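# Breakdown of the fold
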There are 2 protein chains.
Amino acid sequence: MSKSQLPLMIGIGTRIRKSPYYESNLKYGVTGFTVYNKMYLPTAFSGPEKEYESLINDVTFGDFAAERQIEINGKDAYDFVRYITPRNLEKCEIGYCKYIILTDMDGGIINDACLLRLEENKFWISPGDGDVILWLQGIAINSGMDVSIHEPDVSPLQISGPKSGKLIRKLFDGEHDDLGYYKARKTQLQNIPMVIARTGWSGELSYELYLQDRKLGNDLFELVYDAAQEFNGRVIAPNTIRTIEGGLLSYGSDFGREHNPYTIGFGRLVDVDQETDFIGKQALKKIKKDGVKEKLIGLEIEGDPLPKAPENFWPVNYDGNKIGRLSRAYFSPRVKKNIGLAILDIEFCEEGTVVLLESPYGDITSKVVSLPWFNADKNTYLD
Amino acid sequence: MSKSQLPLMIGIGTRIRKSPYYESNLKYGVTGFTVYNKMYLPTAFSGPEKEYESLINDVTFGDFAAERQIEINGKDAYDFVRYITPRNLEKCEIGYCKYIILTDMDGGIINDACLLRLEENKFWISPGDGDVILWLQGIAINSGMDVSIHEPDVSPLQISGPKSGKLIRKLFDGEHDDLGYYKARKTQLQNIPMVIARTGWSGELSYELYLQDRKLGNDLFELVYDAAQEFNGRVIAPNTIRTIEGGLLSYGSDFGREHNPYTIGFGRLVDVDQETDFIGKQALKKIKKDGVKEKLIGLEIEGDPLPKAPENFWPVNYDGNKIGRLSRAYFSPRVKKNIGLAILDIEFCEEGTVVLLESPYGDITSKVVSLPWFNADKNTYLD
């Protein structure tokens, strides 16, 4: 018998960084943290279900500072950015954001990231969990390119949900009503410096306020909190239910270094035919030609709502053989089923294939579906 | 008022890795985890004070799998290892372990690590928290050196304390009685493959069993658990009290990228006069010549035992001015005082200097002392 009973505590110490919104998290009732990019990241306030309801109906906001930025500067910054990703960035103008994949020499995924082009030769990259800055700085050393790479003082506060456009209008007095999808610009709010972008990891219409002065985090949080009351605003953590519904992936969980962009459905982010050379080009050319052996798909899972998210990867079986693994799953109130993300051997990835999920609660019949269940609504509802 | 009351929970999910000893941790009463190298690392079982008593008097053991290894292989592996550290490794023979610092182009510290030379051109490096593997792989890309770098299936189980030599004798039937300090060799225990080394992060005589098959983690744990009963063995987490007493530093807490090896007292690990070129050589040469502006020292702290370890860096003041920060502190039963580690401006680092520690419990008078309070006893007590 196990002596340890959940819940397990998290030790708060100096080795793991606290976000500029840390005090706000405590003030507004955070119940737990995970660690992301060596920073405490909230996991829940009022609970995933309540937070989900606010996210799809009203407006939510929260600490996304663990989305650490990497700033790439210097004469060759644009060339360097082209070199580290398979995405064709020819048309990435100043003020544009692009979702990119970073690959290694074998085409394996170092991380996924949001890229912001702030100036001709100044970029921010915000990858998932993992010291991508060490990867980039290592590459730079013998690259012969003139770049400087560091972590700037930038800490995103994310605002999401159908009423987020209205909240931004109120906060900024209409100044950013015209901000397009995946566009970014410099701004400020009562002298708090920041970049505002229509990006985010939520599955709903989202904005991110990239705070540029860590001392002002809790001030910014209060401003957003106050303005959001009119719209039923709620403080939330990254929401598992909505991100699974939206097919939004989490690096290190849903996919990792052992996968390539084609496996996880991101072939559109790879251009092996562009003239520009990039890390992994030859490997990805070959993978594209040969085809993939496994693929990321959605699963609709029978039975009662799962009591909690899986703590481990659950094996997926077919005819008694393991054919893949599920990484995240939760009950979706809209699908009215448990839904999850899995990577399966390619021959079992056809929609409608019935597989057996090996869970701690026994085997559960599940059906392969295509992703996502619900796309984000890009309407800002300002008219 | 803050809505959140400690303790805060840790979410257990698939993004953060579980060690091969995870089930053993639950079985033997782990009460909490931190996250280290994207893996759950136990923070306590019976509590730091009890664990400390066993560590300095008897024998202790525990899950150090979060000490992930990086394997460097290939024709140029030795040259590559020479290139990434300022330590002169001319005399690092096969079977030797060396404590090394990895530096960047500015002499800043990427991480500290234990290096094992397993073969002529096969090394393991176990750094502290941080994806050093991405740094090394990034450097390798354009280095022109023939190396291959990956994370092998290796997960250390640490055995520490004055009776650890006797426990190793019992487990291996005397086979490793002659294993010298900071030496390593391949071995096995009931067909469980591993490397055994006289290394560790404990402050006491230590051995590490570098398990080489993750499926056998809990089996190995049981073998050690059973054999340790005769010596009053106890399962423990990394022990804050003993590591502070020993002046053993923790990357990301006691020091980081903003520091150089001279600041933290590791000038002996830097040879700027060697012929071999290494990353940061020019910068470190200049720092050595100019001298450092701040230094890591010990503090003896007046007053009652601290109720818990600091959650934040505590400012250190002198005459009303901030002169540095304390990173870790705890009550030492042997020193009979609170003791801690701090980095201070150089002019306040002389032994005996009295400074004021700004803590959540008020200002506390503290005295600068040299490190460590207690060195590890290297006697194996086998004769």
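Here goes a summary of the coordinates provided. Not measured: the values here are computed from a predicted model. (Residues numbered from 1 in each chain as written. Chains lettered and ligands numbered in written order. Predicted model: local features only at pLDDT ≥ 70, side-chain atom pairs only at ≥ 80, totals over all residues. Heavy atoms only, no water.)

### Some thoughts on the packing of aromatic side chains
- Across all of its chains, the model carries 28 aromatic pairs over all chains by this definition.
- Between A:Trp314 and A:Tyr361 the ring centres are 6.2 Å apart and the planes differ by 80°, which places this aromatic pair in the edge-to-face class. Of the two residues, A:Trp314 sits in strand E16 (residues 314-318) while A:Tyr361 sits in the loop between strand E19 (354-359) and strand E20 (362-369), which places them 47 residues apart along the sequence.
- Aromatic pair B:Tyr28 and B:Tyr225: ring centres 4.2 Å apart, planes at 15°, arrangement stacked. Note that B:Tyr28 is positioned in the loop between helix H1 (22-27) and strand E2 (32-36) and B:Tyr225 in helix H6 (residues 217-228), a separation of 197 residues in sequence.
- By relative accessible area, which is 12% here, B:Tyr28 ends up buried.
- Over the ring of A:Tyr22 we find A:Lys18, and its NZ or CZ is 5.9 Å from the ring centre. (Phe/Tyr/Trp six-rings, centres within 6.5 Å; stacked < 30°, edge-to-face > 60°. Helix = DSSP H or I, 4+ residues; strand = E, 2+ residues; numbered from the N terminus. Buried < 20%, exposed > 50% of the residue type's maximum accessible area, 1.4 Å probe, protein only. Lys NZ or Arg CZ within 6 Å of the ring centre and 35° of its normal.)

### Description of the packing of helix H5 (residues 164-172) of chain B against H6(B)
Residues and elements named next belong to chain B.
- Running from amino to carboxyl end, H5 crosses H6 at an angle of 115°, the nearest separation of the two axes being 10 Å. For the pair H5 and H6, the crossing hand works out as right-handed. Contacts between H5 and H6 involve Leu167, Lys170 and Leu171 on the former and, on the latter, Leu223, Val224, Ala227 and Ala228.
- Among the residues forming the contact of H5 with H6, the class breakdown is six nonpolar, no polar and one charged. (Axes fitted to C-alpha atoms, helices over the stretch in contact; angles between N-to-C directions. Left-handed = near helix turned anticlockwise from the far one by under 90°. Contact = heavy atoms within 4.5 Å. Nonpolar A, V, L, I, M, F, W, Y, C, P; charged D, E, K, R; others polar.)

### Section: the pattern of salt bridges
- Applying the stated criterion across every chain, the model contains 42 salt bridges over all chains.
- A:Lys215 is the salt-bridge partner of A:Asp213, the closest N and O atoms lying 3.2 Å from each other.
- On the basis of relative accessibility, which here comes to 18%, the residue A:Asp213 falls in the buried class.
- The exposure class of A:Lys215 is exposed, given its relative accessible area of 69%.
- B:Glu222 serves as the salt-bridge partner of B:Lys27, at 3.0 Å between the closest nitrogen and oxygen. Here B:Lys27 is found in helix H1, whereas its partner B:Glu222 is found in helix H6, with 195 residues between them in sequence.
- Its relative accessible area of 24% is what places B:Glu222 among the partly exposed residues. (Salt bridge = Lys/Arg side-chain N within 4 Å of Asp/Glu carboxyl O.)

### Topic: the sheet that holds strand E9 (residues 148-150) of chain B
All names here are of chain B.
- Taken together, five strands build an open sheet; the order of strands is E6-E7-E8-E5-E9 and the sheet is antiparallel. Each end of this open sheet is capped by a strand with a single partner; those strands are strand E6 (97-103) and E9. Taken over all neighbouring pairs, the strand axes of this sheet differ in orientation by 25° on average, direction set aside.
- Sheet topology places strand E5 (residues 70-73) next to E9; three bridges connect them, and they run antiparallel. When the sheet's bridge partners are listed, Glu71 is paired in E9 with His150.
- Taken strand by strand, helix H3 (residues 77-84) contacts E5, E6, strand E7 (109-119), strand E8 (122-127) and E9, and its axis lies near 125° from that of E5.
- Packing against the sheet, helix H4 (residues 132-141) makes contact with E5, E6, E7, E8 and E9, and its axis sits at approximately 165° to E9. (Pairing = 2+ DSSP bridges.)

### Comments concerning the sheet that holds strand E13 (residues 206-211) of chain B
Residue and element names in this part refer to chain B.
- The six strands are arranged E11-E12-E13-E10-E4-E14 in an open sheet whose pairing can be described as mixed. Looking along the sheet, the strands with just one partner apiece sit at the ends: strand E11 (184-189) and strand E14 (234-235).
- Pairing analysis gives six bridges linking strand E10 (residues 155-160) to E13, with the strands arranged antiparallel. Each residue of the ladder has a partner; that of Gln158, found in E13, is Glu208.

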